[in-house]
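An overview of the molecular structure
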Amino acid sequence: MQLRELLAEACGAVPTADPERCVHTRAEVANCRRCVSACPVDAWRLDDEALAIDTDRCDGCGICVAHCPEGALSLAGVSAPARPTARDLTLSCERVVGERPGWRVPCVNAVSLQQMASMYREGLRRLSLRTAECQSCPRYDARGLAHRLDLLNRVLAQRRLPGIDLMAESTGQQPGTDSSPGAGAPATQLNRRDFFRRMAAAVAEHQCNPGDPALRAAGEYLPPTQPGDLALFAPEIDPANCNGCDACLQICPHDVFAMEEEPASLVIRVDACTGCGLCADVCDQGALSISVGRTFKQSRLALQSRKCPACGVEFHRPADGIGGSALCHVCSRVNHQRNLFQVL
């Protein structure tokens, strides 16, 4: 038995998490619930106090893995990149009985947008699906592989590039009724931060995820996006609402936002965006939004420097929205007259 197969057997068919990638370990205000929303058996739970995965419920489909924009979740047999042979690849559902050619995965909807873009760069031009009756399967995902492939192909077509042809073949079989791989295991519930940090520290998890490469956004596998092109994910800042706090720049795990001094501007590296939404979550002015599959318009935001009359610090604001408060973003929230009165 190969080492990969031994590791997969030891780890079991339950997703594991990388704490350094999950947005909830980066900011308390993170709103991402994609693993929770995507799970067809409601195995994931997330609230203000805890993040939990119920291993009794989890059936190892891997759909949550594909929905995580940061690649924080992994599952044996899904997370490892599949390199297509020449231009064709057959993707086979594990619930198809009989011969399973090509890349066999728990569910075809467990293949992420990043993986599709990576395989496209490797030369993939035709994807053949071999599945059971997906519409009647409990794992059916309306925003699954076909939805991701449609987004990728629309972006490619707008740039006059060949896409990936999808050839779907249903065997006519009813989906299997395999028992849950996690049956008999207790539900896991920890403090949100402790959940991920303890998983990261565990030796078993390290063995189950050998050599995971740094996550690359799907857009980085495609030709560079130019203003006017459709983008997979397009961050946009409203200069009228931006107060120049730079929270988006500091929180982004992929350096989508970068500061340039000459001319003073905030540069947006759209191809590095995974669409995780963390930048929009931390923007308390509601100035930042992320569009999916829309025209990329804003490659940079012109800035203008100012000096705060209250604290003397130099700060910047968008040049197009410079008519706001003369105070920096910190002092604009502080009633200095009230504080001075309290001191006196």
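1. Quick notes on the pairing of strand β10 (residues 230–237)
With seven of its eight residues buried, β10 lies for the most part within the structure. Of the strand pairs in this sheet, β10 and strand β13 (residues 288–295) are connected by seven bridges, and their pairing is antiparallel. Directly across from Ala 234, in β13, lies its bridge partner Ser 291.

2. A look at helix α4 (residues 113–122)
Burial analysis of α4 places eight of its 10 residues in the buried class, the great majority of the element. Here α4 has its buried residues at Leu 113, Gln 114, Gln 115, Met 116, Ala 117, Ser 118, Met 119 and Tyr 120. Looking at the packing, one finds that the buried side of α4 touches β5 (88–93), β6 (103–105), β7 (126–131), α5 (145–158) and β10.

3. Here's the deal with the pattern of salt bridges
On inspection of all chains with the given rule, the structure shows eight salt bridges. One salt bridge connects Arg 126 with Asp 88, and the closest N-O pair in it is separated by 3.1 Å. Here the residue Arg 126 occupies a position in strand β7, and Asp 88 occupies one in strand β5, the gap between them amounting to 38 residues. Since its relative accessible area comes to 36%, Asp 88 is described here as partly exposed. Here the residues in one salt-bridge network are Asp 59, Glu 94, Arg 95 and Arg 139, joined through shared partners.

4. Comments concerning the layout of surface pockets
The volume enclosed by the second largest pocket comes to roughly 510 Å³. Forming the boundary of the second largest pocket are 19 residues, of which Arg 34, Arg 143, His 147, Phe 233 and Val 292 lie nearest the centre. Elements that contribute at least two residues to the lining of the second largest pocket include exactly α3 (63–67), α4, α5 and β13. With five residues, α5 is the largest single contributor of residues to the lining of the second largest pocket. Taken together, the residues that form the lining of the second largest pocket break down as eight nonpolar, six polar and five charged.

Quick notes on the rules
The written sequence of each chain sets the order in which its residues are numbered from 1. Per-residue local features are limited, in this predicted model, to residues with pLDDT of at least 70; the limit for side-chain atom pairs, both in listing and counting, is 80 or more; totals at the level of whole chains, interfaces and linings are taken over all residues. Water and hydrogen atoms were dropped before computing side-chain values, which therefore reflect all heavy atoms in the structure. Only protein chains enter the calculation, and the probe is 1.4 Å; a residue is then buried if its accessible area is under 20% of its type maximum, exposed if over 50%, and partly exposed in between. Secondary structure follows DSSP: runs of H or I at least 4 residues long count as helices, runs of E at least 2 residues long count as strands, and numbering of each begins at the N terminus. Pairing between strands is defined by DSSP: at least two bridges between the two strands are required. Residues are treated as being in contact if the distance between any of their heavy atoms lies within 4.5 Å. Salt bridges are identified by distance alone: a Lys or Arg side-chain nitrogen within 4 Å of an Asp or Glu carboxyl oxygen. In this analysis, the protein atoms alone were mapped onto a 1 Å grid. Cavities are point sets where a 1.4 Å probe fits without being able to get out; pockets are open sets with protein on both sides within 12 Å along at least five of seven lines; lining residues have an atom within 4 Å of a point. Grid points are joined across faces, edges and corners, and a volume is the space filled by probe spheres set on the points. Just so you know the grouping, Ala, Val, Leu, Ile, Met, Phe, Trp, Tyr, Cys and Pro go in nonpolar, Asp, Glu, Lys and Arg go in charged, and all remaining residues, Gly too, go in polar.

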